Amino acid sequence: MLFNALFLWSQNIEYPQNYFRKPLDIPIILSGTFGELRSNHFHSGMDIKTQQREGIKVFATAAGYVSRIKISNWGFGKAVYITHPNGYTTVYAHLKKFDTKIEKYLKKKQYEKESFSIQLFPKSDELPVSKGELIAFSGSTGGFYGPHLHYEIRKTNGAIPINPMLFGLRVADHKKPTINQLYAYPLSHEAQVHQSANPVKINFKHQKNGDLIADKVVASGTIGFAINAFDRQDGAINKNGIYSLELLLNGKKVYEHNVEKFSFAESKYINLLIDYKHYKKHGQRLQKCFIEPNNKLSIYDKQFPELGFIEVADGMEYTAEIIAKDLNGNQTKLTIPIVGKINPITLPITEKKTDYPIIAADFNKFSRDGVTVAFPKNTFYKDFYLDFKVNVDGSAYIHKPTVPLNNSYTLTFNVSKYTAEERKHLFIASYNYKNKPQYSSTVRKENTFYTKTKKLGKFALLSDFKSPTITPNNFKEGQWLTKFRYLKVRISDNFSGIRSYRGEIDGKWILLEWNLKKGVLVYDFNDRKLTGTKHKLKIALTDNANNTKTYTATFYRK
Ligand SMILES: [Zn+2]
């Protein structure tokens, strides 16, 4: 216990303690920790479980003012930002709705702009809040997640997210992190592990005290290690992220990183922290205990010049130790004995040369058979030969998806052979790992269509001629709806996906909220008082291939 308290104290001395209260009044159980590894980014907050339901009261964790409201069908869904006078901003996301004051302010702006999606930056005197004031109700808006509250504390200046646990927001955690997998990496040109020049999985055994001992690693040259690890807190089985990872060689620390804070700009370098190829192939994240060149992450403790690389000499023996920690002082140690031995090995086949060499530091642009790829500077982390093909059916193959990208690139298709009518319904699709085509945000510009993407692999121009569909969900044509609070319609699209919708009652715009999980649009009759009894509903949908559908209905309401 004493150790835990000391550990926490030493970590968070620079952050105000107990300034922020809990955002919910229910016990804090996490389904996600700060700094957890996600797709192309670190998790910037903590995900608090809301008892598998929506509508749990969300409170301002300290006094301040609402400085930003963002409403979107994706990402954070409905989110509110509160700026506090002590230099920090708190963020509350995936909300179902806001409490009266904020909800009223928001709806007014949405009706003015005739848009559900909106971003607002209220002035400091418009929506002040006190500590513990009810601001919203938890939900599951945004991406396809279950109900939870995403809560963040950011340094207002620079919008730097910081681990909320360092501000004294306690979460019970008596469980040690779990290390699942260990891989050894031959890293220098002549390096080998177990007579292989490729990464090798190393088995390990559990000790009575929970620590681990790996099988002897026979290697030579420069090697490194990576592990798959997770941490569980009390009260839930969710596999969350660990706080820190250390590597010691013969008792001396040679690598450390921790997720105290990071900047959004650097977050994408996570693709160099993990073994990206392994992740793309197996869906499992191995975090490296060595720092790749070009890795600009600030999470590393830079005082260790070895950067986690281990030089193994023939005839020598070494002991490496990997220590995974959570923020409550629980830790798991994995000990790895290493024996230096040069064995005869077959060197890997050198990379296949193509006509498309990528110089990572330069702008690279290639064209063939009506397809152009343009990669801005530093799209890639290292130089390589791009595999770029255009098939007879016109589809394009842009390298294998196991190479990580730091930025988006532009992929352009020439569409001059298509008629104007054909072009109207044509779009660029990318194929996922199941070879299923998906709409890729397409910009139509005269004889060319282009998409900005971070994906590699197969792309094609595809057509969609089918209109989206819309059907009433909780009412019938000509029905009396006086007692109804909500009006719901079901919407769907067969292929390219719904791009936009617009709803009107009696010719006036109405706010329709799109529940993506249920595929319904919802109108709240409390938004506006209707005049008369007979009303006309009109909803128009457009998909990503310019197919439209308009639905009209008559209903009665007093
Ligand atoms: Zn989250």
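Above this text you will find the structure in question.
Residues numbered from 1 in each chain as written. Predicted model: local features only at pLDDT ≥ 70, side-chain atom pairs only at ≥ 80, totals over all residues. Heavy atoms only, no water.

Colleague: I tried to follow the overall build of the protein on my own but got confused; where do I start?
Modeller: Along the protein, the regular secondary structure elements total five helices and 46 strands. In terms of principal-axis extent, the alpha carbons of the protein reach across some 90 × 65 × 40 Å. Put simply, the protein has 558 residues, and 52% of those count as buried. Put simply, of all contacts in the protein between residues at least 6 apart along the chain, 68% involve residues at least 24 apart. Entry remark: accessible area of the protein is about 26700 Å², with carbon and sulfur atoms responsible for 52%. Averaging the coordinates of the 82 positive side-chain charges in the protein and doing the same for the 51 negative ones gives two points 7 Å apart. (Helix = DSSP H or I, 4+ residues; strand = E, 2+ residues; numbered from the N terminus. Buried < 20%, exposed > 50% of the residue type's maximum accessible area, 1.4 Å probe, protein only. Contact = heavy atoms within 4.5 Å. Areas by Shrake-Rupley, 256 points an atom, 1.4 Å probe, with all protein chains shown as cover. Lys, Arg positive; Asp, Glu negative; His and termini not counted. Charge placed at Lys NZ, Arg CZ, Asp CG, Glu CD.)

Colleague: What should I look at first to understand the layout of surface pockets in this one?
Modeller: Empty pockets left among the atoms are what a rolling probe the size of a water molecule brings to light. Taken as a whole, the largest pocket spans an internal volume of roughly 1900 Å³. Taken together, 44 residues make up the lining of the largest pocket; nearest its centre are Asn198, Pro199, Lys277, Glu351 and Lys382. Broken down by secondary-structure element, the contributors of at least two residues to the lining of the largest pocket are strand S15 (178-186), helix H3 (270-273), helix H4 (276-282) and strand S30 (384-385). It is H4 that contributes the most residues to the lining of the largest pocket, five residues altogether. The residue inventory of the lining of the largest pocket, partitioned by class, reads 22 nonpolar, 11 polar and 11 charged. Volume-wise, the second largest pocket comes out at about 1100 Å³. What lines the second largest pocket is a set of 40 residues, among which Lys78, Lys96, Tyr486, Glu513 and Val522 lie closest to the centre. Going through the elements one at a time, strand S9 (95-98), helix H2 (100-113), strand S40 (486-492), strand S43 (513-515) and strand S44 (520-524) are the ones with two or more residues in the lining of the second largest pocket. With seven residues, H2 is the single largest residue contributor to the lining of the second largest pocket. Across the lining of the second largest pocket, the residue classes break down as 13 nonpolar, 12 polar and 15 charged. (1 Å grid on protein atoms, 1.4 Å probe; cavity = no way out; pocket = protein on both sides within 12 Å on 5 of 7 lines; lining within 4 Å. Points joined across faces, edges and corners; volume = space filled by probe spheres on them. Nonpolar A, V, L, I, M, F, W, Y, C, P; charged D, E, K, R; others polar.)

Colleague: Would you explain H2 in this entry?
Modeller: Spacing of three or four residues puts side chains on the same side of an α-helix, whose turn is 3.6 residues. Its 14 residues give H2 an end-to-end C-alpha distance of 20 Å, which sits within 8% of 20 Å, the value for a rise of 1.5 Å per residue. Along H2, the residues that are buried comprise Ile102, Glu103, Tyr105, Leu106, Lys107 and Gln110. Buried residues in H2 make contact with strand S6 (64-71), S9, strand S10 (118-120), strand S12 (134-138), strand S42 (508-510) and S44. Phi for Glu114, located one or two positions after H2, is positive at around 50°. (Expected span 1.5 Å × (residues − 1).)

Colleague: Would you explain the coordination of the zinc ion in this entry?
Modeller: Under ideal tetrahedral coordination, the four donors around a metal are separated by 109.5 degrees; under ideal octahedral coordination, the six donors are separated by 90 or 180 degrees. The protein atoms that coordinate the zinc ion are His43 (NE2), Asp47 (OD) and His150 (ND1), at distances spanning 2.0 to 2.1 Å. Read in sequence order, the donor residues for the zinc ion give the motif H-x3-D-x102-H. One end of the pair, His43, is in the loop between strand S3 (41-42) and strand S4 (46-49); the other, His150, is in strand S13 (residues 148-155), and 107 residues separate them in sequence. Judged by its relative accessible area of 2%, His150 falls in the buried class. (Donors = N, O, S within 2.8 Å, 3.2 Å for Na, K, Ca; no water.)

Colleague: Sorry if this is basic, but what is going on with empty space enclosed by the protein here?
Modeller: Under the counting rule described, the total for this entry stands at two cavities of 30 Å³ or more. Taken as a whole, the largest cavity holds about 80 Å³ of empty space. If you trace the largest cavity, you find it lined by Thr33, Phe34, Asn163, Met165, Asp231, Gln233, Gly241, Ile242, Tyr243, Val259, Asp326 and Leu327. The residue makeup of the lining of the largest cavity, split by class, is six nonpolar, four polar and two charged.

Colleague: Even after reading the chapter, I still don't get the pattern of salt bridges, so can you show me in this structure?
Modeller: Any two side chains of opposite charge can pair, on the condition that their charged atoms come close. Considering all chains together, one arrives at 22 salt bridges under this definition. The partner of Arg38 in a salt bridge is Glu36, and the shortest N-O contact between them spans 2.8 Å. For Arg38, a relative accessible area of 23% corresponds to the partly exposed category. Using a relative accessible area of 9% as the deciding quantity, one classes Glu36 as buried. A salt bridge links Asp524 to Lys107; its shortest N-O distance comes to 3.9 Å. In this pair, Asp524 sits in strand S44 while Lys107 sits in helix H2, placing the two residues 417 residues apart along the sequence. What makes Asp524 buried here is its relative accessible area of 11%. (Salt bridge = Lys/Arg side-chain N within 4 Å of Asp/Glu carboxyl O.)

Colleague: Please explain the nonpolar core as it appears in this structure.
Modeller: As a rule of thumb, nonpolar side chains are buried together in soluble globular proteins. If you look at the biggest cluster of nonpolar residues, it comprises 92 residues, and the most contacted ones within it are Ile69, Phe225 and Ile322. With six residues, strand S20 (residues 217-230) is the largest single contributor of residues to this core. Phe380, Ala396, Val415 and Leu426 belong to the second largest nonpolar core, which has 25 residues in total. (Core = buried A, V, L, I, M, F, W, Y, C linked by side-chain atoms within 4.5 Å.)

Colleague: So what exactly am I meant to see when it comes to the sheet that holds S12 here?
Modeller: Strand pairing in a sheet relies on backbone hydrogen bonds, with the paired strands running either antiparallel or parallel. What the three strands build is an open sheet, ordered S5-S12-S9; its pairing is antiparallel. Looking at strand neighbours, the two that pair on one side only are strand S5 (57-59) and S9, the edges of this open sheet. When strand polarity is set aside, the average angle formed by the axes of neighbouring strands in this sheet is 35°. Where S5 lies against S12, three bridges are found, and the strand directions are antiparallel. Residue pairing for S12: Val58 is matched across the bridge by Ala136. Packing of H2 onto the sheet brings it into contact with S9 and S12, and relative to S9 it is tilted by some 90°. (Pairing = 2+ DSSP bridges. Axes fitted to C-alpha atoms, helices over the stretch in contact; angles between N-to-C directions.)

Colleague: I would appreciate a short explanation of the environment of Gln287 in the present structure.
Modeller: If you trace the backbone, Gln287 turns up in strand S23 (residues 287-288). C-alpha of Gln287 to C-alpha of Leu273: the two residues are 14 residues apart in sequence and 5.8 Å apart in space. Beyond its immediate stretch of four places on either side in the chain, Gln287 contacts Leu37, Phe225, Ala226, Ile227, Ile242, Leu245, His257, Leu273 and Ile274.

Colleague: When you look at the pairing of S4 in this model, what are you seeing that I'm missing?
Modeller: The two faces of a sheet get side chains in turn, since along a regular strand they alternate between them. As defined by bridge partners, strand S1 (residues 30-32) adjoins S4 across two bridges and the pair is classed as antiparallel. Looking at the pairing, Leu30 lines up with Ile48 of S4. In this sheet, S13 lies alongside S4 in antiparallel orientation, the contact comprising four bridges. What sits directly across from Met46, in S13, is Tyr151.

No statement about biological role is implied by the geometric values presented.
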